Amino acid sequence: MYKYFSIFGFIGIAMLLFMGLNQSDIQKVSSETQECIDCHENVTPGIVKDWLKSQHSKIIPMAALQKNENEKKVSSKEIPSHLKNSVVGCYECHSLNPDAHKDNFEHFGFKINVVVSPNDCKSCHQTEVEEYSHSKKSYALDILRENPLYSLMVDTYTGDIRPDKGGTKIHNTFENSKNESCYACHGTEIEVKGLKTINSSMGELEVPDLSNWPNQGVGRINPDGSKGSCTSCHPRHNFSIETARQPYTCGQCHLEPDVPAYNVYKSSKHGNIFDSHKSDFKLKNASLIIGEDFTVPTCAVCHNSRIINSAGELVANRTHDFGARLWVRIFGLPYSHNQPKSPKTFEIKNQDNQPLPVTFSQIPAKEYLIDDVEVQNRKEKMSSICKNCHSTQWATKFFAKMDSTNAHTDRLVRTATDMLMDAYKKKLIDPKNPFDEPIETYWVNQWLMYANSIRYATAMSGPDYAGFKNGWYHLTNNVRMMQKEIERSSKK
Amino acid sequence: MYKYFSIFGFIGIAMLLFMGLNQSDIQKVSSETQECIDCHENVTPGIVKDWLKSQHSKIIPMAALQKNENEKKVSSKEIPSHLKNSVVGCYECHSLNPDAHKDNFEHFGFKINVVVSPNDCKSCHQTEVEEYSHSKKSYALDILRENPLYSLMVDTYTGDIRPDKGGTKIHNTFENSKNESCYACHGTEIEVKGLKTINSSMGELEVPDLSNWPNQGVGRINPDGSKGSCTSCHPRHNFSIETARQPYTCGQCHLEPDVPAYNVYKSSKHGNIFDSHKSDFKLKNASLIIGEDFTVPTCAVCHNSRIINSAGELVANRTHDFGARLWVRIFGLPYSHNQPKSPKTFEIKNQDNQPLPVTFSQIPAKEYLIDDVEVQNRKEKMSSICKNCHSTQWATKFFAKMDSTNAHTDRLVRTATDMLMDAYKKKLIDPKNPFDEPIETYWVNQWLMYANSIRYATAMSGPDYAGFKNGWYHLTNNVRMMQKEIERSSKK
Amino acid sequence: MYKYFSIFGFIGIAMLLFMGLNQSDIQKVSSETQECIDCHENVTPGIVKDWLKSQHSKIIPMAALQKNENEKKVSSKEIPSHLKNSVVGCYECHSLNPDAHKDNFEHFGFKINVVVSPNDCKSCHQTEVEEYSHSKKSYALDILRENPLYSLMVDTYTGDIRPDKGGTKIHNTFENSKNESCYACHGTEIEVKGLKTINSSMGELEVPDLSNWPNQGVGRINPDGSKGSCTSCHPRHNFSIETARQPYTCGQCHLEPDVPAYNVYKSSKHGNIFDSHKSDFKLKNASLIIGEDFTVPTCAVCHNSRIINSAGELVANRTHDFGARLWVRIFGLPYSHNQPKSPKTFEIKNQDNQPLPVTFSQIPAKEYLIDDVEVQNRKEKMSSICKNCHSTQWATKFFAKMDSTNAHTDRLVRTATDMLMDAYKKKLIDPKNPFDEPIETYWVNQWLMYANSIRYATAMSGPDYAGFKNGWYHLTNNVRMMQKEIERSSKK
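Below you will find a few notes about this structure. (Residues numbered from 1 in each chain as written. Chains lettered and ligands numbered in written order. Predicted model: local features only at pLDDT ≥ 70, side-chain atom pairs only at ≥ 80, totals over all residues. Heavy atoms only, no water.)

1. Section: the pattern of salt bridges
Here comes step 1: A complete count under the given rule lists 72 salt bridges over all chains for this structure.
Here comes step 2: Here Arg414(A) ties to Asp418(A) by a salt bridge, and the two come within 3.1 Å at their closest N and O atoms. Here Arg414(A) pairs with Asp418(A), and both are found in helix H19 (residues 392-425), just four residues apart, close to one helical turn.
Here comes step 3: Lys278(C) is the salt-bridge partner of Asp275(C), the closest N and O atoms lying 3.4 Å from each other. (Salt bridge = Lys/Arg side-chain N within 4 Å of Asp/Glu carboxyl O. Helix = DSSP H or I, 4+ residues; strand = E, 2+ residues; numbered from the N terminus.)

Structure follows, in structure tokens:
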């Protein structure tokens, strides 16, 4: 008798528990979010389903707060009490800080923000948002707009160029072409131009009229004034930590020819092993265990993920200041140089009064850049990750190669820059805009494409990008072609 | 007693059922196909195994006809009775319509066609074949061959070019080089030049001698006169619907630099999420459920797959007319323009009597192109797919960006075209062949590479292809280089 | 009673067996390796974990020797007795042949080699190492260094080039830039410069000071004088046969623009099917079963894997001489030509006394190249693999296309070479270094980039690489641009 009871009793309790859990799960969706879902599961089923697969739909912040350090994904010490006991649903995110949100509007009885901003995410993920706010990524738009040289470059390369007196002239700038190229990654400034009526599947609706939208650039300026877009890397509405750790996420923007980080990774041994064995990787865990959750690093492992060893001991902290383990800046500028101290790189002025960290004659603006002690400090931080798989000598020699590569590519950029200066001196071309004549294009290619590629190729061991694919073959041939162009221009 | 019976009885029935099913499966392979397999499982084991994994080997058309609309993969209302009750094996496909097939031959007692054509597949998949026959894809070969401008372009870029009187001249055309480049995607015309003897592993055999073979281009002209090759996207001998829905399939032909659809997708957020989570996608189901079978679209989801919601309601119909949801044509021609009404684009004549949908001075050949009502209609068709995940405003603004991008890239193509016309007027170059002089190459690059890339980059949000990767950087620099080339040519 | 015994007895025996196996596994790690692991599982946990996933950690050579031919991964008939009965751990590999290893050093009481070389792996994998030693891969470094033309090319494209008297001059060579580009794939010569003290996480340690390290190029010259690096394709410390068979491994070096094997594969139908269905592939098995372990070939399937049919019969032998099934050499040199007889291609001298297999006027150095009988022999070897899925006619016509493509691309290379020779004759440029002037760069691009791409595109059916992506479009336009450059140079 007892035997039967025990079996049926167990099944019964299990069933009750199961039903009970389901019941309580349902209770944990806030009534507001439930109302959102009631419509949106018909209107936009894709995002509702995506959210249902997310961690946000499965755990209440109160429970998330109680996880141990290795499993924790929320970083705020305190979470506002009205958010603690419901899963993180539509309303929890889209209703925050309404006064700050110029995009807040009345939507079927609720006050809703169209855009969820880092400042909203901060309610639970404070550390990440704060770290991010100190990173160059969060200033990515201003880094382009507020730097007069970069801003001129953007206009020169995205405008309505037409022939003019034997040369060319920018007739007009195209806002859309900036938004769709440079600012698509760097971020746009979203503006709210009042309300407008749209014709939705629910009939006519009044919604905020957003300009420079949609956009998910890393330095987006949001309608609440905050900077950044968490969905750049944690796409809606799953917001997965796993997605952000896949190289494809970084590869949305860090691509050849100007920033070939993703491409070099793909052709590196790390990339090869990732591609060959990625189905065995476990990138969902809050803290990644060396050799268990991953065999080789993805971008995130080296640059910002929390890493632990099998014993659960911390090896590297999570950081959302993506430059925190970087000592040298290898792209986007003629010469490699120590990382800037401040993310507001548009504030830099070098000795020649240029908004650049290094003058054309290679003098660094030292007061704006980290010093050699900090360089060494960051090298060791990064190296401490390499050494979980590689010997000390391996890591040291690897970094020494990078120093050489930077010096040698800088030398070749210097050659092209000297040639450019010489062409200015000889009045072959007009120095006013350094981006708009063929000789200048050779110069831009020299650093923005070829020197960059080679530095990345060494940084991650993807030799094709140091050789024939935008590498040394081009870096040296470009000097030859530039010289020929200068010679020909001299004769006109 | 009863208890024991019930258990053993159940197992026994299950075993009998299992054996029985196997038995009946075997019976459902036709005797002809069984004879094929008897040899070919030794001679070409790869394709026999591949077929064994296919749906074709697992279901008889009679049963396929009875599936409900959401699960159905056959579209013919009636299937010829001799095909209904065997699985779709070697003989079922390779023996159809022998009189039409110039490649039919006697093969170990059977009359076999080498090439299975869309007209053969039509026996079961009538709707798909009919839709396909109205698509530009099915006319892809004639679109190149029958358009004198395109045909000249093909010859100019694949021929035996040699220096000639200070310039260059096409000495000879290379049929093989056309077949291996342009026609590899567009399709060849397969010709049967009688029989020939080959030395196979079965000894000497007489087989039809096919020329322009092998080929699997989308506009292939088959030995039965039909157009297309279903294996372009549903590769032999698995013929999987799943394969056709993977972006890699489209990526065989829709690649940078001229049609960077695949590349832009890969670097888009959709592509990132697909790459990050594709192991969770279920692309085998006849109708794809939003948010369950896929989280983000692959090419097929937006362009042609049958999509339903969780309730089983139809969201979008399957179509094999791949332009059915497209309103604007953004590649392969200088200016973007409304889609052509007919797939036979070689019939178009514009006001300047060119076989192009838009004149060099940007006047569209309106009578050959869909009108604005149909444009709006198709925008809404496509938009209705976007809106399963995105808001109405998002979709609207997204499409508005595309309009801007098309206008701005057209403007830059116009600039280059005006420069070309001016060079013709000044007799700097010969207008007879607009593809064979360096100034003309700048012009071709302007639209065929750079304007195309930028339009795709906006269409799918892959900003690198609007920026430094064949994007605005090149579109504007190319004008500068073209201007320099014209200036230099003026001085000779 | 008996009943209960049988159940509990079975479980008990199973448990004992299970525990016993574990026990004996542990015993099979040598005491030396156990000492390595005791430290290194803390110091470099990543590689210890990686090794634990490897076959090396799971089987003793004695057992590996007893596997049947289809399952065997060791090829040595005899394995040294001291290696036979422990799993292949740290010490087993890093202690071999200490007298030959200039990188041997005292490490916590053990004599350890830093670098494990093919000569060490040979203890168990004799056939593979011997085959490899006859392949061009093992001579990859000398093929560049010992061929004066290639060596000049490397220096020209990786050096400190500067303007000089209206042209340019190589001011200095950069060893690091060679190591990070050409030699990263071809291999460096690792030199041991005595011992040095490093600061490791275990405190100060004396280790051999290696130069040109780290490197994993295929022709690396190791501190024991042996050539090659098994980890090029079987990366540490998993050494997986599966990794080596993934296309990503080959893709580390065989990449566009100069050797676009990987890229062409990716855009081919084989590549599409692999990408679409790779999760179903079983690339771990020592012998790959056609249609079961793979549906379409990866690089390894056609070039070197052991292939069997479902009956277990041998279809193709494993080979580590990667050219064994190749008849024609299609990259890295102006003209396609029969494969060289010897891997020491630097020994070749043609009729014009150049270290090239074909003269500029297309006369092959026949005595150094395989003859037509051997060409036919290898075509048949390769064709026998194709025919497991494709008909005899398909394979024959496929190879005939390749012959045409080679002839036609050679014709276009000849045109450019004749133009170059003519420019030399007219003293427009200096013939001393054929790589360092713009006219010569057009010539190099003609063969090293465009002709190569087209040949690969045909060899694996990836038509984009025969068309707009470094294909015929560029091959013909490059003649036009080169002609224009020559014309302009003539006028100075």
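2. A few points about the relation of the copies chain C and chain A
Here comes step 1: Once chain C has been moved 0.0 Å along the axis and rotated by 120 degrees, it coincides with chain A to within an RMSD of 0.0 Å. Put plainly, the chains are arranged around a three-fold axis. Scanning chain C for the C-alpha nearest the rotation axis identifies Ser279(C), at a separation of 4.9 Å.
Here comes step 2: Counting the interface residues of chain C, we find that no more than 3% of their copies in chain A are interface residues as well, pointing to two distinct contact surfaces. (Least-squares fit on C-alpha atoms with pLDDT ≥ 70 in both. Contact = heavy atoms within 4.5 Å.)

3. Details of empty space enclosed by the protein
Here comes step 1: Throughout the structure, instances matching the rule amount to 11 cavities of 30 Å³ or more.
Here comes step 2: Of the pockets and cavities examined, the second largest cavity occupies roughly 740 Å³.
Here comes step 3: For the second largest cavity, the lining is made up of 36 residues, of which Asn263(A), Lys266(A), Asn263(B), Asn263(C) and Lys266(C) are closest to its centre.
Here comes step 4: Contributing elements (two or more residues each) for the lining of the second largest cavity: helix H15 (261-266) of chain A, helix H15 (261-266) of chain B together with helix H15 (261-266) of chain C. (1 Å grid on protein atoms, 1.4 Å probe; cavity = no way out; pocket = protein on both sides within 12 Å on 5 of 7 lines; lining within 4 Å. Points joined across faces, edges and corners; volume = space filled by probe spheres on them.)

4. Observations regarding the sheet that holds strand S7 (residues 288-289) of chain A
Here comes step 1: If you trace the three strands from one edge of the open sheet to the other, you get S7-S8-S9 (chain A), paired in mixed fashion. On the outer flanks of this sheet lie S7 and strand S9 (314-316) of chain A, each paired with one strand and no other. (Pairing = 2+ DSSP bridges.)

5. Considering the interface of chain C and chain B
Here comes step 1: Taken together, the contact between chain C and chain B spans 49 residues of the former and 70 residues of the latter.
Here comes step 2: Taken together, the connections running from chain C to chain B amount to six salt bridges.
Here comes step 3: Between Lys469(C) and Glu256(B) there is a salt bridge, with the nearest N and O atoms lying 3.0 Å from each other.
Here comes step 4: The tally of links between chain C and chain B comes to 29 residue pairs in polar contact (both at pLDDT 80 or more).
Here comes step 5: Of all the secondary structure elements, the ones that give two or more residues to the side of chain C that touches chain B are helix H16 (269-277), helix H19 (392-425) and helix H21 (472-490) of chain C.
Here comes step 6: In the side of chain C that touches chain B, the residues fall into 14 nonpolar, 21 polar and 14 charged. (Polar contact = N/O pair within 3.5 Å; in protein donor to acceptor, adjacent residues only side chain to side chain. Nonpolar A, V, L, I, M, F, W, Y, C, P; charged D, E, K, R; others polar.)

6. Details of a positive patch on the surface
Here comes step 1: A surface patch of like charges, here positive, comprises Lys58(A), Lys67(A), Lys73(A) and Lys284(A).
Here comes step 2: Among the structural elements, Lys67(A) can be located in the loop between helix H4 (61-65) and helix H5 (81-84). (Patch = residues over 30% accessible without salt bridge, like charges linked within 9 Å, V, L, I, M, F, W, Y side chains within 5 Å. Areas by Shrake-Rupley, 256 points an atom, 1.4 Å probe, with all protein chains shown as cover. Lys, Arg positive; Asp, Glu negative; His and termini not counted. Charge placed at Lys NZ, Arg CZ, Asp CG, Glu CD.)

7. Topic: the pairing of strand S1 (residues 104-107) of chain B
Residue and element names in this part refer to chain B.
Here comes step 1: Sheet topology note: the S1/strand S2 (residues 110-113) ladder contains four bridges and is antiparallel. By the bridge assignment for S2, Glu106 is matched with Lys111.
Here comes step 2: Hairpin remark: S1 followed by S2, antiparallel, with two residues in the connecting loop; positive phi at Phe108, about 50 degrees.

8. Remarks on the interface of chain C and chain A
Here comes step 1: Counting residues at the interface gives 69 residues for chain C and 49 residues for chain A.
Here comes step 2: At the boundary of chain C with chain A, total buried surface from both sides reaches about 5200 Å², with 56% on carbon and sulfur atoms.
Here comes step 3: Where chain C touches chain A, the interface holds six salt bridges.
Here comes step 4: The partner of Lys401(A) in a salt bridge is Glu180(C), and the shortest N-O contact between them spans 2.8 Å.
Here comes step 5: In this structure, the connection of chain C to chain A is made through 29 residue pairs in polar contact (both at pLDDT 80 or more).
Here comes step 6: Sorting elements by how many residues they give to the side of chain C that touches chain A places helix H20 (residues 438-460) of chain C first, with seven residues. (Buried area = accessible area lost by both parts, 1.4 Å probe.)

9. Some points on the state of the cysteines
Residue and element names in this part refer to chain B.
Here comes step 1: Scanning the entire structure with this criterion turns up three disulfides over all chains.
Here comes step 2: In this model Cys185 forms its disulfide with Cys253; the gap between the sulfur atoms is 2.3 Å. Residues Cys185 and Cys253 are joined by a disulfide whose S-S torsion is about -100 degrees; by sign, that bridge is left-handed. Here the residue Cys185 occupies a position in helix H12 (residues 182-186), and Cys253 occupies one in the loop between helix H14 (247-250) and H15, the gap between them amounting to 68 residues.
Here comes step 3: When its relative accessible area of 15% is taken as the criterion, Cys185 is described as buried.
Here comes step 4: Cys253 gets classed as partly exposed once you look at its relative accessible area, which sits at 29%. (Disulfide = S-S within 2.5 Å. Buried < 20%, exposed > 50% of the residue type's maximum accessible area, 1.4 Å probe, protein only.)

10. Comments concerning the side chain of Asn309(C)
All names here are of chain C.
Here comes step 1: Mapped onto the elements, Asn309 comes out in the loop between strand S8 (307-308) and strand S9 (314-316).
Here comes step 2: Polar side-chain contacts of Asn309 include one of 3.0 Å to the backbone nitrogen of Ala311.
Here comes step 3: With residues up to four places along the chain from it excluded, the contact list for Asn309 reads Ile289 and Val315.

11. Some points on the nonpolar core
Here comes step 1: Counting 85 residues, the largest nonpolar core has Met153(C), Phe435(C), Trp443(C), Val444(C), Trp447(C) and Met482(C) as its most contacted members.
Here comes step 2: Here this core gets 12 residues from one element, more than from any other, and that element is H20(C).
Here comes step 3: Apart from residues no more than four positions distant in its own chain, Phe435(C) is found in contact with Asn477(A), Leu149(C), Leu152(C), Met153(C), Thr156(C), Tyr157(C), Glu440(C), Thr441(C), Trp443(C), Val444(C) and Trp447(C).
Here comes step 4: Val154(A), Phe346(A), Phe360(A) and Cys386(A) belong to the second-largest nonpolar core, a separate cluster that totals 71 residues. (Core = buried A, V, L, I, M, F, W, Y, C linked by side-chain atoms within 4.5 Å.)

12. Quick look at the environment of Glu440(A)
All names here are of chain A.
Here comes step 1: The topology assignment puts Glu440 in helix H20 (residues 438-460).
Here comes step 2: Glu440 sits in the buried class, given a relative accessible area of 0%.
Here comes step 3: Between the C-alpha atoms of Glu440 and Lys137, which are 303 residues apart in sequence, the distance is 28 Å.
Here comes step 4: For Glu440, the contacting residues outside a window of four places in its chain are Leu420, Tyr424, Ile429, Asp430, Asn433, Pro434 and Phe435.
Here comes step 5: Reaching out from Glu440, the side chain makes a polar contact with the backbone nitrogen of Asp436 at a distance of 3.1 Å.

13. Thoughts on helix H18 (residues 372-386) of chain A
All names here are of chain A.
Here comes step 1: A rise of 1.5 Å per residue sets the reference length of H18, with its 15 residues, at 21 Å; its end C-alpha atoms lie 21 Å apart and thus fit the reference within 8%.
Here comes step 2: Along H18, the residues that are buried comprise Val375, Arg378, Lys379, Met382, Ser383, Ile385 and Cys386. End-on, the buried residues of H18 take up no more than an arc of 145 degrees, which puts them together on one face.
Here comes step 3: Tucked into the core, H18 has its buried residues touching helix H17 (299-303), strand S8 (307-308), S9, strand S11 (337-338) and H19. (Expected span 1.5 Å × (residues − 1). Arc of directions from axis to C-beta.)

14. Quick word on unusual backbone geometry
All names here are of chain B.
Here comes step 1: With an omega dihedral of 5 degrees, the bond running from Glu256 to Pro257 counts as a cis peptide bond.
Here comes step 2: Residue placement: Pro257 occurs in the loop between H14 and H15.
Here comes step 3: Backbone geometry at Phe108 places phi at a positive 50 degrees, although glycine is not the residue there.
Here comes step 4: Residue position: Phe108 is located in the loop between S1 and S2.
Here comes step 5: According to the relative accessible area criterion, Phe108 is partly exposed, its value standing at 49%.

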